[in-house]
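An overview of the molecular structure
So you can see what is in the structure, the chains are spelled out below.
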Amino acid sequence: MGHPYQCWWTGSLLSIEETRALVPHQNATTMQVAASILGALRWMIERPSEGVRVPDGAAVGDVMKVA
């Protein structure tokens, strides 16, 4: 989540059963990807003049509020 290696993302603690209780027929990876996309979309909608960002330059805290 940025450099110089301030933290590491290692995955989800959700079990397949917990995930499928929330979103039938899906898995924890789907949940992680969807949450990050929704967070990034919200950030972009709220800040249309900020321009393009790469993950290392994104406001991780703002994106994670959605997740």
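Let us look at the structure shown here. No experiment lies behind these values; they were computed from the predicted model shown. (Residues numbered from 1 in each chain as written. Predicted model: local features only at pLDDT ≥ 70, side-chain atom pairs only at ≥ 80, totals over all residues. Heavy atoms only, no water.)

Some words on helix α2 (residues 28-46)
Inclusion rule: Every helix listed is a DSSP run of H or I at least four residues long, and every strand listed is a run of E at least two residues long, numbered separately from the N terminus. A helix's residues, less one, multiplied by 1.5 Å, set its expected span. What qualifies as a polar contact is a pair of N or O atoms within 3.5 Å, subject to a donor-acceptor requirement within protein and to the restriction that residues adjacent in sequence count only when both atoms come from side chains.
In this model, α2 (19 residues) spans 27 Å end to end at C-alpha, consistent with the 27 Å of a helix rising 1.5 Å per residue. Of the residues flanking the start of α2, the one acting as N-cap is asparagine 27, its side-chain oxygen 3.0 Å from the backbone nitrogen of threonine 29.

Some details on the pattern of salt bridges
Pairing between side chains becomes possible if they bear opposite charge and their charged atoms approach one another. To be explicit about the condition: Salt bridge criterion: a side-chain nitrogen from Lys or Arg within 4 Å of a carboxyl oxygen from Asp or Glu. Three exposure classes are used, based on accessible area relative to the maximum for each residue type with a 1.4 Å probe and protein chains only: buried under 20%, partly exposed in between, and exposed over 50%.
Following the criterion strictly, the structure yields 2 salt bridges and no others. Between glutamate 46 and arginine 42 there is a salt bridge whose closest N-O contact spans 2.9 Å. Highlighted residues: glutamate 46 and arginine 42, both in helix α2, separated by 4 residues, approximately one helical turn. With a closest N to O distance of 3.5 Å, arginine 47 and glutamate 46 form a salt bridge. We classify glutamate 46 as partly exposed; its relative accessible area is 46%. Where salt bridges share partners, they join Arg42, Glu46 and Arg47 into one cluster.

So far we have only geometry, and geometry alone does not tell us how the molecule works.
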